[in-house]
Amino acid sequence: MTDAHAFTGPTAAGLLGLPLPFALERDPRLHVVVLDGTRAPRRRGVIAGRSSARPILVGVAGVRSALLTSPADTWCSLAVHVGLDDLIAAGDRLLGLPAPLAGEHAIDEAISRHGSRRGARRLAEARLAMRANVYSPRETFTRLALTRAGLPEPEPNGMIVLRSGRRTRGDLVFRACKVLVEYEGEQHLFDVDQWATDVGRLNDLIDDGWWVIRVTKRMPRAEVVARTRRALVDRGWRGPGRTPR
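Counting of residues starts from 1 at the beginning of each chain's written sequence and follows it residue by residue. Local features in this predicted model are restricted to residues of pLDDT 70 or higher, and side-chain atom pairs are both shown and tallied only at a pLDDT of 80 or more, whereas totals for entire chains, interfaces and linings draw on every residue. Processing note: side-chain calculations cover all non-hydrogen atoms of the structure and skip hydrogens and water entirely.

Focus: a positive patch on the surface
In plain terms, the rule: For patch building, the residue pool is restricted to those with more than 30% relative accessible area and no salt bridge; the joining distance is 9 Å between like charges and 5 Å between nonpolar side chains (Val, Leu, Ile, Met, Phe, Trp, Tyr). Residue burial considers only the protein chains on display, and all accessible areas are found by Shrake-Rupley using a 1.4 Å probe. The rule for a salt bridge is simple: a side-chain nitrogen of Lys or Arg has to be within 4 Å of a carboxyl oxygen of Asp or Glu. The charge count includes Lys and Arg as positive and Asp and Glu as negative, but it does not include His or the ends of the chains. Working definition for charges: the position is that of NZ of Lys, CZ of Arg, CG of Asp or CD of Glu. In this text, helices come from DSSP runs of H or I with a minimum length of four residues, and strands from runs of E with a minimum of two, each type numbered from the N-terminal end. Relative accessibility decides the category of a residue: with a 1.4 Å probe and only protein chains considered, values under 20% of the type maximum give buried, values over 50% give exposed, and everything between is partly exposed.
Judged by side-chain charge, R138, K217, R218 and R221 come together as a positively charged surface patch. Positionally, R221 belongs in helix α9 (residues 221–234). Overall, the relative accessible area of 44% leaves R221 in the partly exposed class.

So, in structure tokens, the structure goes:
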């Protein structure tokens, strides 16, 4: 690779920690972009192409003299590799927790650099659906399922202050109705201390009047939507544009 070559697409996304569909995550091929107009390299296991765009380049941690496209430009390059929901999940990671990888201005500038190239329409649609403070793709997919079913949009990882003064974050918070959708990661099953902390936290939330819906990886999205709808209606939600009683 020369100074005009950079990792892009799924390869750059993997190096940056952007979530990818399982098949792409396991694909060993390297995606490279050539930025000086010279011929793209032809090598086994390498997918290379030329681009007239001028993405921002950053270094690869631990790999001397290697470059990759910036987090925002990498996200734009994913538009031709993944579907809309996976693109939104990757975009949520740019703005999300534990620390953002790019700011909104940088993302919008990258979209402008991408211009009308392939995937532009998907980028525009995904950009409208991206939210800050998301911690995992599962939270993204659950939020999309709920809002597409006509439910109000929840607050990702919203801060909740309990009567005891304790502060905690909820995965998807319907604050007006005091309804909380919590995604239960399987890793907690193998960490006894974390499991005990989670149980105590959920008990405190319930004591404070929060309706907690616990979601697992295997729970069908239709069930998540139905349970959330029942909880919101029970708490006074009467449909789009209405406030709880």
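The structure having been displayed, the exposition proceeds.
Notes on the packing of helix α7 (residues 137–148) against α9
Our working rule: Only the stretch in contact is used when fitting a helix axis, every axis being a line fitted to C-alpha atoms; angles between N-to-C directions are given from 0 to 180 degrees. By the definition adopted for this analysis, an angle is roughly parallel if under 35 degrees, roughly antiparallel if over 145, roughly perpendicular if from 65 to 115, and oblique otherwise. Each crossing gets its handedness from the near helix: less than a right angle anticlockwise from the far helix is left-handed, clockwise is right-handed. Residue contacts follow a heavy-atom distance rule, with two residues in contact if any of their heavy atoms lie within 4.5 Å.
Between α7 and α9, the shortest axis-to-axis distance is 10 Å and the interhelical angle comes to 60 degrees. If you check the angle between α7 and α9, you find them oblique. Our pair here, α7 against α9, has a crossing hand that is right-handed. From α7, F141, T142, A145 and L146 reach across to α9, where they touch R221, V224, V225 and T228.

Describing unusual backbone geometry
Residue P98 is reached from L97 by a cis peptide bond, and omega for that bond is 10 degrees. Topologically, P98 is positioned in the loop between α4 (84–95) and α5 (104–114). One non-glycine residue, N157, adopts positive backbone phi at about 50 degrees. In this fold, N157 is placed in strand β6 (residues 155–161). By relative accessible area, N157 is classed as buried at 6%.

Re the packing of α4 against α7
In plain terms, the rule: In this classification, Asp, Glu, Lys and Arg are treated as charged, Ala, Val, Leu, Ile, Met, Phe, Trp, Tyr, Cys and Pro as nonpolar, and every other residue, Gly included, as polar.
Where α4 contacts α7, the axes come no closer than 9 Å and their chain directions differ by 125 degrees. Relative to α7, α4 is oriented oblique. The chirality of how α4 crosses α7 is right-handed. Mapping the contact onto sequence places L84, D85, D86, I88, A89 and D92 in α4 and P137, T140, F141, R143, L144 and R148 in α7. Tallied by class, residues from the contact of α4 with α7 come to six nonpolar, one polar and five charged.

A look at the sheet that holds strand β8 (residues 179–183)
What counts, and what does not: Here the rule is simple: two strands pair whenever DSSP picks up at least two bridges between them.
Ordered by their spatial adjacency, four strands build an open sheet running β6-β7-β8-β9, and the pairing between neighbours is mixed. Since the sheet does not close on itself, it has two edges, and those belong to β6 and β9 (211–215), each with one partner. Along the sheet, successive strands turn relative to each other by an average axial angle of 50 degrees, direction set aside. The strands touched by α7 within the sheet are β6, β7 (167–174) and β8, with β7 carrying the most contacts at an inclination of about 40 degrees. With respect to the sheet, helix α8 (residues 192–207) is in contact with β6, β7, β8 and β9, its orientation differing from that of β9 by roughly 145 degrees.

As for helix α6 (residues 120–129)
For the record, the criterion: This arc describes the spread of directions from the helix axis toward the C-beta atoms.
Along α6, the positions that sit buried rather than exposed are L123, A126, R127 and A129. Take α6 and look down its axis: the buried residues cluster within an arc of 160 degrees, on one side only. Turned more than 90 degrees away from the buried face of α6, the exposed residues are R121 and L128. Along its buried surface, α6 packs onto α3 (71–77), α4, α5 and α7.

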